[in-house]
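# Structural features, examined
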Amino acid sequence: MITIIPTPKEIKELPGTFSVCGAGVYVSDGCDSRIVRAAGILCGEMGRAAGVIVPLSCGAPKDGSITVSHGGDEACESYTLDVTENRVDIRAPGARGAFYAIQTLRQLTATNGAKIPCCRIFDSPDFSYRGFYQDITRGRVNKPEKLRHIVDMLSLYKVNSLQLYIEDAFLFKEFEGMISAEEAMSAEEMIGLDEYCYQNFIELVPSLSTFGHLFTLLQSDRYNYLCELPEHKMATHYWMEKQWHHTIDPYNPDSIKVIGSMIEQYMPLFRSDKFNICCDETMDLCSGRNAGRDKGEAYFHHLNALIDLVESHGKKVMMWGDVCMAHADLMQERVKSPVTVLNWCYHKTVPQWLGSFFAERGYESIVCPGTSCWNGFFEDIDSSVGNISEFAALGKKYGALGMLNTNWGDFGHVCSFNCNLYGMLFGAQKSWNVDAETGENYEKAATRLLYGITQFNMADMLRELAKAQRTCDWSRFVVWHSRNYLEGQNTELRYDDSGELCDADAENGIEICRKAAEKLRSLGRDGDPVTDDLILAARATELMNRLMLHIRGVVGYEDGEKLQEQFDSWFEEYRAAWLRDDKPSQLWRLGEFIKHITDKKPE
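Definitions and limits used
Residues numbered from 1 in each chain as written. Predicted model: local features only at pLDDT ≥ 70, side-chain atom pairs only at ≥ 80, totals over all residues. Heavy atoms only, no water. Helix = DSSP H or I, 4+ residues; strand = E, 2+ residues; numbered from the N terminus. Buried < 20%, exposed > 50% of the residue type's maximum accessible area, 1.4 Å probe, protein only. Contact = heavy atoms within 4.5 Å. Pairing = 2+ DSSP bridges. Axes fitted to C-alpha atoms, helices over the stretch in contact; angles between N-to-C directions. Parallel < 35°, antiparallel > 145°, perpendicular 65-115°, else oblique. Left-handed = near helix turned anticlockwise from the far one by under 90°. Nonpolar A, V, L, I, M, F, W, Y, C, P; charged D, E, K, R; others polar. Phe/Tyr/Trp six-rings, centres within 6.5 Å; stacked < 30°, edge-to-face > 60°. Lys NZ or Arg CZ within 6 Å of the ring centre and 35° of its normal.

Looking at the element boundaries, Gln 163 is found in strand β9 (residues 161–166). When its relative accessible area of 0% is taken as the criterion, Gln 163 is described as buried. Among all residues touching Gln 163, those that are not within four sequence positions of it are Tyr 129, Phe 132, Tyr 133, Gln 134, Val 205, Ser 207, Asn 276, Met 318 and Leu 404.

See below:
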């Protein structure tokens, strides 16, 4: 059975195979240079699979060749791939379709080696916008090499847009003396990433916090006078403060000047004709300097100034839709420009009304589910699969432009990218083919493609590890620590709010993690980054469950000193893995927090 991700719209399996040995790849005259580049990558992979040289040529193809041709339709992403015993033909109305056909052929090579099964594939996407959103602001700033690796993966699975969430992870002049190159991307790095995305038919869309979530800017002595909350002092943990406070004063004329300066520094680095101004979660609005004023009026006052600025540079505005949703009538009255609303929801079950909300009001929208990786060291695929599936279906039903699959890093971004691969891939699947099956055959194919594993179903392991993580939710530790050791409260560290979970569940979680780590070690892949990161995450989740039992004073878990030593040993390996892929950024803060929570005595 031929399995390709994302699942093609039409695939007919035929008898026989095409042999890569003796084959060459021929690109037609006039092919886009990016197609030539992609064809060269295909030649290399086919050559390694067959143990021969597979040449890349132009001109008249010979028998036993692979031909690539495309027309001039720049927007069309459909393609036809014919594999017979004598030749392989790729045809597409435009370069994008030809590129995606090559990605399909790369997958066929990866799973079948030198003998490609004969088939006929016609394919086209459900959504024209298929995006991935990577948080590089809340603790983990990926190195340029890692970001290029992410682009490689996204392009293989036919994702065509990438956004990086930026609050303070870029070297704006406003952050001089506050942010270093170890904590942020430079203009040179961003331009290089934009070029790399372009080569892979991915649009790198700038995304910048311009209203709420401005902690670093507004906590500074230089710009604190623009904060909605005058003389605000941190009263909770840094990660909570950064996530839930620091909205700019919309009525201070300097606010749009400062934010405008940041936008104008950032915008020229991107080819994209879009700009995501974010404008979500303005939680402090009209709670300080503008107390008593109408929140809706204040919000749209600043929003329209931002829209005017972005549009004055010829760019189309994207923005998160949560605050607009709370002021829907006022939005229709005040927002006349054709903005694209990013409609987000991260619940396993997505309400029907949410899918139609912005369409009914005449706005273009993109549905934005998530990988559900931000409350632990592993993604929760039970949540993400349900969330992504339901939101994609609603998006298709109500005419959304597409889907933007979000990968947030709340509370320090403890989950490495290698530990949320399944959610990334599932988003690619559902944004290309909303109605595609995602049962056991899909899970096995995903396991093979993402992890190179054929011995077991990785999705089953991830579901078990998500259960183990429920009893030691990372955000629960952060909130508990803040309340008890920073805010002067005295609260119990609980497994959940409902009381459903208990000590036995945590102990079961420990066993799940130990077995998962041992199963991964049995693959014999020491030094493989994905496997190593999965093992580290399993060990972390085991240790967090043991810490939960220790702090709660459960018999058998009294030895806090030994536990702290094991955390120290684990963190050294985790630190090395972090620095392999990511800039140092706020790794130090994560290390300090783990020291604090492992130093606590039983209740």
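Picking up where we left off.
Pairing within the open sheet is mixed, and its seven strands lie in the order β1-β7-β5-β6-β4-β2-β3. The two strands at the open ends of the sheet, each matched to only one other strand, are β1 (10–19) and β3 (56–58). Taken pair by pair, the neighbouring strands of this sheet meet at an average axis angle of 20°, ignoring direction. Sheet topology places strand β2 (residues 25–27) next to strand β4 (residues 66–70); three bridges connect them, and they run parallel. Within β4, the residue paired with Val 27 across the bridge is Val 68. Contacting β2, β3 and β4, helix α1 (residues 33–50) crosses the sheet at an angle of about 175° to β2.

Attention now moves to the packing of helix α3 (residues 144–156) against helix α4 (residues 187–199). Describing two packed helices takes the angle between their axes plus the distance from one axis to the other. Across the interface, α3 lies against α4 with an axial gap of 10 Å and an inter-helix angle of 20°. By the angle between their axes, α3 is roughly parallel relative to α4. In this structure, the crossing between α3 and α4 has a hand that is right-handed. Residues Pro 144, Leu 147, Arg 148, Val 151 and Asp 152 of α3 pack against Glu 189, Leu 193, Tyr 196 and Cys 197 of α4. Of the residues assigned to the contact of α3 with α4, the class counts are six nonpolar, no polar and three charged.

Two descriptors summarise a pair of aromatic rings, namely the distance from one centre to the other and the angle between the planes of the rings. The full count for this structure, using the stated rule, is 39 aromatic pairs. Within the aromatic cluster, the residues linked to one another by ring pairs are Trp 239, Phe 377, Trp 474, Phe 567, Trp 570, Phe 571, Tyr 574, Trp 578 and Phe 593. Here the basic side chain of Arg 271 rests over the ring of Tyr 198, its NZ or CZ set 4.1 Å away from the ring centre. Over the ring of Tyr 251 we find Arg 293, and its NZ or CZ is 3.6 Å from the ring centre.

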